[in-house]
Amino acid sequence: MENQTVRQVARISVGGKSVRVVLSNAFGEKPLTIGAGSVGIAGKDGEVDQATLKPLTWGGNSSVVVPPGAPILSDPIALSAEALSEISVSIFLPKKTALSSVHWDGVQTAYISGPGNFTNEAAFKADSTLKSRLFLSDIWVDAVPESEAIVFFGDSITDGNCSTPDANNRWPDHIAKRLQEANRKVAVVNEAFSGNRVLTDGMGVNALARFDSDILSHPKVATVVVMMGINDIGWPGENAVTPDDKEPTAEEIITGYKQLIDRAHAHGKRIVGATLTPFADTFKGLPTEGYYTPEKEKIRVAVNEWIRNGGGFDGVVDFDKVMEDPAKPGYLRDDYDCGDNLHPNDAGYKAMADAVDLDVLLGPAK
């Protein structure tokens, strides 16, 4: 990209009177030049409410250069935003810019302009769109002082893969809505990305390596919810995604969980484990149908048994039981299946969120 504006939308969970935007050059090999930026309340189809549109600044400056590997936090911007508001963030990229720090499975439309800086425009004609997040990492809200945060740490199922784009139907999105309806002052942070594994890099950095940067870096985190491990089981093996990778044992995945638990507890965080959902016949008929085998199912069952009864997690959410077809053990329910025998559809994601006891996440209301 060069001499173009990118406009992206993200829904916040708690409301406040000001926001700060975090951009990331985490995977960039060269400095990232942001020529200008803006933030406002999102309208439809990439438009912004003009009355709320505010320029972003960094140390009082209207532009900034982000070093390779670094995030950049904007100055606080006065913007009154209700809980569950959709916030629009626009950035102008004046120089030739490689799309290095990208969350590919954003399930949200990013609008990319033709030549020019349109950050101060309520609307612009998009030359192209993507369903990925480009450089946008976080939106911080100046919430009430007693607020807390929950970080959801996962893979494509927490990332919302297969859910309807631009509809906020990821299961953590539904949790955010439930928390607001219950008058809980709790922010929801989704730190999932499709393809993630506990032990091994692949489509991104493994969970053990990114725990500090993606969990502990967030303000006021009280609880971490971990739903990860199915890709550790499914990816290796003949006709799978990474055929040369060694297939881990259940014990190795559990050891990874124990590391996450110890590190969370060392920083005073609660950590909740979610069981791995059914995956029988995942990708059946495709070149990657080896993602599932009966032997891999045994690993999943053993991992789930430890999550439920191993005593390591501070709480457990049993998604396996919620999503399993009672007539076909090991299979995802047909009415919750988006079609690949692995990922839920919109109804499935809502069912997952509805099954969560909010007190398990944070303890009883104070």
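Right, let's walk through the structure included here. (Residues numbered from 1 in each chain as written. Predicted model: local features only at pLDDT ≥ 70, side-chain atom pairs only at ≥ 80, totals over all residues. Heavy atoms only, no water.)

Details of the side chain of Asp173
Consideration 1: Assignment of secondary structure puts Asp173 in helix H2 (residues 171-181).
Consideration 2: With a relative accessible area of 13%, Asp173 lands in the buried category.
Consideration 3: Discounting chain neighbours no more than four positions away, the residues touching Asp173 are Arg11 and Asn168. (Helix = DSSP H or I, 4+ residues; strand = E, 2+ residues; numbered from the N terminus. Buried < 20%, exposed > 50% of the residue type's maximum accessible area, 1.4 Å probe, protein only. Contact = heavy atoms within 4.5 Å.)

Section: the environment of Asn161
Consideration 1: Mapped onto the elements of the fold, Asn161 is located in the loop between helix H1 (156-159) and H2.
Consideration 2: A relative accessible area of 15% means that Asn161 is categorised as buried.
Consideration 3: Taking the C-alpha atoms as reference points, Asn161 and Val107, separated by 54 residues in sequence, lie 7.1 Å from one another.
Consideration 4: Once residues within four sequence positions are removed from consideration, Asn161 is found in contact with Trp104, Asp105, Ser156, Ser194, His343, Pro344 and Tyr349.

Observations regarding the packing of H2 against helix H8 (residues 346-354)
Consideration 1: Where H2 contacts H8, the axes come no closer than 8 Å and their chain directions differ by 45 degrees. It follows from the interaxial angle that H2 and H8 lie oblique. For H2 against H8, the interelement crossing comes out right-handed. Mapping the contact onto sequence places Trp171, His174, Ile175 and Arg178 in H2 and Tyr349, Lys350, Met352, Ala353 and Asp354 in H8.
Consideration 2: Residues of the contact of H2 with H8, tallied by class, amount to five nonpolar, one polar and three charged. (Axes fitted to C-alpha atoms, helices over the stretch in contact; angles between N-to-C directions. Parallel < 35°, antiparallel > 145°, perpendicular 65-115°, else oblique. Left-handed = near helix turned anticlockwise from the far one by under 90°. Nonpolar A, V, L, I, M, F, W, Y, C, P; charged D, E, K, R; others polar.)

Considering the pattern of salt bridges
Consideration 1: Scanning the model with the defined rule gives 13 salt bridges in all.
Consideration 2: Arg300 is the salt-bridge partner of Glu297, the closest N and O atoms lying 2.9 Å from each other. Residue Glu297 and its partner Arg300 are located together in helix H6 (residues 294-309), separated by three residues, close to a single helical turn.
Consideration 3: Here Glu297 falls in the buried class, since its relative accessible area comes to 13%.
Consideration 4: For Arg300, a relative accessible area of 1% corresponds to the buried category. (Salt bridge = Lys/Arg side-chain N within 4 Å of Asp/Glu carboxyl O.)

Remarks on H2
Consideration 1: Of the residues making up H2, those classed as buried are Trp171, Pro172, Asp173, His174, Ile175, Ala176 and Leu179.
Consideration 2: Just downstream of H2 lies Asn183, where phi reads positive at about 60 degrees.

Notes on the nonpolar core
Consideration 1: In terms of nonpolar packing, the biggest core is built from 38 residues, with Phe153, Val226, Tyr257, Ile271 and Val303 touching the most fellow members.
Consideration 2: The set of elements that each furnish at least two residues to this core consists of strand S15 (148-154), strand S16 (186-192), helix H3 (207-216), strand S17 (221-227), helix H4 (230-234), helix H5 (250-266) and H6.
Consideration 3: If one sorts the elements of this core by residue count, H5 sits on top with seven residues.
Consideration 4: Ranked by size, the runner-up nonpolar core spans 28 residues in total, among them Val21, Val39, Ile72 and Ala81. (Core = buried A, V, L, I, M, F, W, Y, C linked by side-chain atoms within 4.5 Å.)

A short note on empty space enclosed by the protein
Consideration 1: Evaluated as defined, the whole model comprises one cavity of 30 Å³ or more.
Consideration 2: In this structure, the largest cavity is lined by Asp155, Ile157, Met227, Met228, Ile230, Leu276 and Thr277.
Consideration 3: Partitioned by chemical class, the residues of the lining of the largest cavity number five nonpolar, one polar and one charged. (1 Å grid on protein atoms, 1.4 Å probe; cavity = no way out; pocket = protein on both sides within 12 Å on 5 of 7 lines; lining within 4 Å. Points joined across faces, edges and corners; volume = space filled by probe spheres on them.)

Thoughts on the environment of Trp306
Consideration 1: Mapped onto the fold, Trp306 is located in helix H6.
Consideration 2: Residues Trp306 and Tyr257 lie 49 residues apart in sequence; the distance between their C-alpha atoms is 10.0 Å.
Consideration 3: The contacts of Trp306, once residues within four sequence positions are left out, are Ile254, Tyr257, Lys258, Ile261, Gly311, Gly312 and Phe313.

What to know about H3
Consideration 1: Along H3, the positions that sit buried rather than exposed are Ala207, Arg210, Phe211, Asp214 and Ile215. The buried residues of H3 all sit within an arc of 140 degrees when viewed along its axis, so they share a single face.
Consideration 2: Buried residues belonging to H3 abut S15, S16, S17 and H5.
Consideration 3: One side-chain oxygen at the N-terminal end of H3 lies 3.1 Å from the backbone nitrogen of Leu208; it belongs to Asn206. (Arc of directions from axis to C-beta. Polar contact = N/O pair within 3.5 Å; in protein donor to acceptor, adjacent residues only side chain to side chain.)

What about the state of the cysteines?
Consideration 1: All told, the structure shown has one disulfide when counted by the stated rule.
Consideration 2: A sulfur-sulfur distance of 2.2 Å marks the disulfide that ties Cys162 to Cys338. Disulfide Cys162-Cys338: the torsion about the S-S bond is 55 degrees, which places it as right-handed. Placement of Cys162 in the loop between H1 and H2 and of Cys338 in the loop between strand S21 (328-332) and H8 is noted, with a sequence separation of 176 residues between them.
Consideration 3: Cys162 gets classed as partly exposed once you look at its relative accessible area, which sits at 38%. (Disulfide = S-S within 2.5 Å.)

As for the packing of aromatic side chains
Consideration 1: In this structure the tally under the stated criterion is ten aromatic pairs.
Consideration 2: With 5.0 Å between their ring centres and 85 degrees between their planes, Phe279 and Tyr292 make a pair best called edge-to-face. Placement of the pair is Phe279 in the loop between strand S18 (270-274) and H6 and Tyr292 in the loop between S18 and H6, with a sequence separation of 13 residues. With respect to class, Phe279 is no different from Tyr292; both count as buried.
Consideration 3: For the ring pair Trp306 and Phe313, a centre distance of 5.8 Å and an interplane angle of 65 degrees mean the geometry is edge-to-face. We note that Trp306, like Phe313, is buried. (Phe/Tyr/Trp six-rings, centres within 6.5 Å; stacked < 30°, edge-to-face > 60°.)

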